[in-house]
Amino acid sequence: MRKIAILGIGQTSVDEHWDKSLREIGGEAAFAAMQDAGADKVDALFVGNMLAPLIDGQNQLGTFFSDWIGLWHREAIKIEAACGSGAAAFRAGLMAVASGDIESALVVGVEKMTDKAGHDVTAALATAADADYEVEQGVSFVGLNALVMQRYMFEFGWRHTDFAPFSINAHANAMHNPFARLHEKITVERFEKSSMVATPINLLDASPIGDGAAAAVIVPAEKVASMPGRPRVVVAASASATDTIAVHSRKDPLFLSAAYDSAKRCYEMANVEPKDIAVFELHDAFSIMTALSLEACGFAERGKGVRLGLDNEITPAGRVPICTRGGLKARGHPVGATGMYQIVEVAQQLRGECGKTQVDGAKIGMAQNIGGSGASIITHILKAE
Amino acid sequence: MEIPRHWRLKQQRYSLVGEVCPHCDNKIFPPRDVCPNCGGEAKELYAFSGKGEVYSYTTIYEAPSGFDTSAPYTVALVKLEEGPMVTAQLTDLDNTPVEIGMPVEMVTRKMRNDGDERGIIVYGYKFRRRT
């Protein structure tokens, strides 16, 4: 397999883009990435998306976007792994270029969620879970995470308020990201008083949905020179793993085994350890997922992920910087696009483009995208050279 | 409306019928073709007692479409006596607090209307406090 570099990145703001269609949002990020790469053509297009068939009535997103972007006659395909679709598409593009079959690929993660009412979106998101045995019981996607969080608090003795630093850090970092969905600082008091969605998860534990797209152009690393002031960003590792589709089928519902498996494989491939990771863009769809991700990836012992937030270790100046551009919590969670936002944001950190939330001297970063309630997890490690 | 699907799931929904692995005696719910314990083929039916305890629970305030009129309602992960865990609503709570470890038993209840008011009424398992 060939070493791959990220030649260009692009993103739209995550927002309620009433004035823009699915086409226009995806196109905007794609064109931005192509321009950043200085490329006018690529060999293939990979699209990450979860909800377009359910919310926008649109399938065939490969051709849909290659047509819109002007990449006619090329290979183009959509990859779906629920909320993990973005990173799954990135990995598919990566494999195609790394194998030598094609010389360049454009990967776009895109989601247009605000064309339907809230309860319809809630039902669409629930398709990530087991339709016959979870969704049919009336459990929402938030509800599944709430079941995990309630048990976690019971087993390890944490209070709800102990999760506040995760959301506070994400909101503080998003203040400096012009592409973020939410630009408002929050406090412990607000975190505690926020309205309940599914006990114990309230609105400030949960990431907001939104419309958005993020994209990257990837090519063989040998074709990219490191320029002064802009290091070459290469993909040092990529791995994907799965767990059972339903939470109730897991041997241990409080352990993200697919996060553990994919991260472990990435550490081996990149020959690094957790302590070498300068920035970790994890999948904080809910505050509980932050704790479980930190534990499964070796940054905290089991049941102690919450401690990293309380000890102030997760800020850009801390030992384990996470959600440096706002994370899912405050940058927003346009589900099928999220994995590509994470890749773009880690690339921004490695290029040193993050201003007030820049992690000093960041050379190695990790992005981890979760599909379903831990069912499908894709991890990437990027390196600056 | 998804009539064949409701019909297909009737044994599970009305009688909590899962499977027992002929190789390792592992009890399985929901039914699946491969035993998660030993990896062997598992297709032998097994009716669960319906008794278990609450492993975790949540009260849902923002419900998916189809369940809006029921909110708020409480969903639990119920650990069945025979081993497996099942996701199900708790019912007949009468505003008494739910606790992890609370003993529960399966009952048959209305789940929702599939479609509008003329749609079929879907029945299935819920769990209530066991005394």
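Scoring rules and cut-offs
- Residues numbered from 1 in each chain as written.
- Chains lettered and ligands numbered in written order.
- Predicted model: local features only at pLDDT ≥ 70, side-chain atom pairs only at ≥ 80, totals over all residues.
- Heavy atoms only, no water.
- Helix = DSSP H or I, 4+ residues; strand = E, 2+ residues; numbered from the N terminus.
- Buried < 20%, exposed > 50% of the residue type's maximum accessible area, 1.4 Å probe, protein only.
- Contact = heavy atoms within 4.5 Å.
- Rg over C-alpha atoms; globule rule 2.2 N^0.38 Å.
- Areas by Shrake-Rupley, 256 points an atom, 1.4 Å probe, with all protein chains shown as cover.
- Pairing = 2+ DSSP bridges.
- Axes fitted to C-alpha atoms, helices over the stretch in contact; angles between N-to-C directions.
- Expected span 1.5 Å × (residues − 1).
- Parallel < 35°, antiparallel > 145°, perpendicular 65-115°, else oblique.
- Left-handed = near helix turned anticlockwise from the far one by under 90°.
- Nonpolar A, V, L, I, M, F, W, Y, C, P; charged D, E, K, R; others polar.
- Domains from an automatic or database assignment.
- Buried area = accessible area lost by both parts, 1.4 Å probe.
- Salt bridge = Lys/Arg side-chain N within 4 Å of Asp/Glu carboxyl O.
- Phe/Tyr/Trp six-rings, centres within 6.5 Å; stacked < 30°, edge-to-face > 60°.
- Core = buried A, V, L, I, M, F, W, Y, C linked by side-chain atoms within 4.5 Å.
- Polar contact = N/O pair within 3.5 Å; in protein donor to acceptor, adjacent residues only side chain to side chain.

Peer 1: What should I look at first to understand the overall build of chain B in this one?
Peer 2: Each helix and strand in chain B was counted, giving 2 helices and 8 strands. Reading chain B from its N terminus to its C terminus gives the helix and strand order α-α-β-β-β-β-β-β-β-β. Structurally, chain B occupies a C-alpha span of about 45 × 35 × 25 Å along its principal axes. In chain B, buried positions account for 47% of the 131 residues. A sequence separation of at least 24 residues applies to 49% of the contacts in chain B between residues at least 6 apart.

Peer 1: What is the right way to read the overall build of chain A from this model?
Peer 2: When its secondary structure is counted, chain A shows 13 helices and 11 strands. Over its C-alpha trace chain A gives a radius of gyration of 19 Å, about what one expects of a compact globule, namely 21 Å for 385 residues. Taking the principal axes of its C-alpha atoms as reference, chain A extends roughly 55 × 45 × 40 Å. Across the 385 residues in chain A, those meeting the buried criterion constitute 65%. Pairs at least 24 residues apart make up 78% of the contacts formed inside chain A by residues separated by at least 6 positions. Surface accessibility of chain A: about 13,100 Å² in total, with carbon and sulfur atoms responsible for 51%.

Peer 1: Would you explain the sheet that holds strand 3 (residues 75-79) of chain A in this entry?
Peer 2: Pairing between sheet strands relies on hydrogen bonds along the backbone, with the strands arranged either parallel or antiparallel. Residue and element names in this part refer to chain A. Strands sit in the order 3-2-4-7-1-8-11-10-9 across an open sheet of 9 strands; the sheet is mixed. Two strands bound the open sheet, and with one partner strand each, they are strand 3 and strand 9 (279-281). Between one strand axis and the next, the sheet turns through 25 degrees on average, direction left out of account. Sheet topology note: the strand 2 (residues 44-48)/strand 4 (residues 105-111) ladder contains 5 bridges and is parallel. For Val-47, the partnering residue across the bridge sits in strand 4 and is Val-108. Seen against the sheet, helix 1 (residues 22-37) touches strand 1 (4-11), strand 4 and strand 7 (212-220) and runs at an angle of roughly 135 degrees to strand 1. Against the sheet, helix 3 (residues 61-69) engages strand 2, strand 3 and strand 4, with an angle of about 125 degrees to strand 2.

Peer 1: Just to check I follow, could you spell out helix 4 (residues 85-98) of chain A for this structure?
Peer 2: Think of an α-helix as 3.6 residues a turn; residues three or four steps apart then line up on the same face. All names here are of chain A. Across its 14 residues, helix 4 extends 20 Å between first and last C-alpha, which sits within 8% of the 20 Å expected from 1.5 Å per residue. In terms of burial, helix 4 is largely enclosed, as 11 of its 14 residues are buried. Turning to helix 4, its buried residues number three or more, namely Ser-85, Gly-86, Ala-87, Ala-88, Ala-89, Phe-90, Gly-93, Leu-94, Ala-96, Val-97 and Ala-98. Looking one or two places after helix 4, you find Gly-100, whose phi comes out positive at around 95 degrees.

Peer 1: In this structure, what is going on with the pairing of strand 8 (residues 233-242) of chain A? I would like to understand it.
Peer 2: Regular strands have side chains that alternate between both faces of the sheet. Residue and element names in this part refer to chain A. The buried count for strand 8 comes to 7 of 10 residues, which makes it a mostly enclosed element. Relative to strand 8, strand 1 runs antiparallel, the two sharing 3 bridges. Within strand 8, the position partnered with Ile-6 by the bridge is Val-233. Where strand 8 meets strand 11 (residues 376-384), 9 bridges bridge the pair, whose relative direction is antiparallel. Of the residues in strand 11, the one forming a bridge with Val-235 is Leu-382.

Peer 1: Can you walk me through the packing of helix 6 (residues 141-156) of chain A against helix 10 (residues 287-296) of chain A in this structure?
Peer 2: Two quantities define a packed helix pair, namely the angle between the helix axes and the distance between the axes. Residues and elements named next belong to chain A. Running from amino to carboxyl end, helix 6 crosses helix 10 at an angle of 65 degrees, the nearest separation of the two axes being 9 Å. When the axes of helix 6 and helix 10 are compared, the pair comes out roughly perpendicular. For the element pair helix 6 and helix 10, the recorded crossing hand is left-handed. Contacts between helix 6 and helix 10 pair Asn-145, Val-148, Met-149 and Tyr-152 from the former with Ser-287, Ile-288, Met-289, Ala-291, Leu-292 and Glu-295 from the latter. Within the contact of helix 6 with helix 10, the residues separate by chemical class into 7 nonpolar, 2 polar and 1 charged.

Peer 1: Teacher, can you tell me more about the domain arrangement of chain A here?
Peer 2: Size of an interface, as often reported, equals the accessible area lost when the parts are brought together. Residues and elements named next belong to chain A. Its domain assignment divides chain A into domain 1 (4-118 + 210-223) and domain 2 (139-207 + 231-384). Computed over C-alpha atoms, the centres of domain 1 and domain 2 are 22 Å apart. Counting residues at the interface gives 45 residues for domain 1 and 37 residues for domain 2. Approximately 2,900 Å² of surface area, both sides summed, lies buried where domain 1 meets domain 2, with 64% of it carried by carbon and sulfur atoms. Between the two partners, domain 1 and domain 2, sit 2 salt bridges.

Peer 1: I keep staring at the packing of aromatic side chains and nothing clicks. Help me out?
Peer 2: In this description, a pair of aromatic rings is defined by centroid distance and the angle of the planes. Residue and element names in this part refer to chain A. Applying the stated criterion to the full structure yields 11 aromatic pairs over all chains. Plain terms: the ring middles of Phe-280 and Phe-299 are 5.2 Å apart, the flat faces sit at 25 degrees to each other, and that makes the pair stacked. With Phe-280 in strand 9 and Phe-299 in the loop between helix 10 and helix 11 (305-310), this pair connects stretches of sequence that are 19 residues apart. Side by side, Phe-280 and Phe-299 carry an identical accessibility label, which is buried.

Peer 1: Looking at this model, I keep getting lost on the packing of helix 4 of chain A against helix 13 (residues 335-351) of chain A. Mind explaining?
Peer 2: Residue and element names in this part refer to chain A. Direction vectors running N to C along helix 4 and helix 13 enclose 65 degrees, while the axes themselves pass 5 Å from each other. Taken together, the residues of helix 13 that come into contact with helix 4 (itself represented by Ser-85, Gly-86, Ala-87 and Phe-90) are Gly-336, Gly-339, Met-340 and Ile-343. Split into classes, the residues belonging to the contact of helix 4 with helix 13 amount to 4 nonpolar, 4 polar and no charged.

Peer 1: Could you clarify how one ought to interpret the nonpolar core in this entry?
Peer 2: Where a protein is soluble and globular, its nonpolar side chains tend to be buried together. Residues and elements named next belong to chain A. Phe-163, Phe-299 and Ile-381 are the most contacted members of the largest nonpolar core, which has 84 residues in total. Considering each element in turn, this core owes the most residues, 9 residues, to helix 6. For this core, the two domains that each supply at least three residues are domain 1 (4-118 + 210-223) and domain 2 (139-207 + 231-384). Beyond its immediate sequence surroundings of up to four residues, Phe-299 is in contact with Tyr-267, Pro-274, Ile-277, Phe-280, Leu-294, Leu-308, Val-320 and Met-366. The next biggest cluster of nonpolar side chains, apart from the first, holds 35 residues, and it includes Ala-89, Ala-105, Val-344 and Val-346.

Peer 1: In this structure, what is going on with the interface of chain B and chain A? I would like to understand it.
Peer 2: On the chain A side, the residues contacting the 37 residues of chain B number 31 residues. For the pair chain B and chain A, the two sides together bury roughly 3,000 Å², of which 55% comes from carbon and sulfur. Area buried by chain B at its contact with chain A is led by Tyr-55, Thr-87 and Ile-100 of chain B, which between them contribute 19% of it. For the pair chain B and chain A, the number of links is 3 salt bridges. Put simply, chain B and chain A have 15 residue pairs in polar contact (both at pLDDT 80 or more) between them. Elements supplying a minimum of two residues to the side of chain B that touches chain A: helix 1 (3-8), helix 2 (10-15), strand 4 (51-60), strand 5 (73-80), strand 6 (85-91), strand 7 (103-114) and strand 8 (120-129) of chain B. Per-element accounting of the side of chain B that touches chain A gives the leading share, 6 residues, to strand 4 of chain B.

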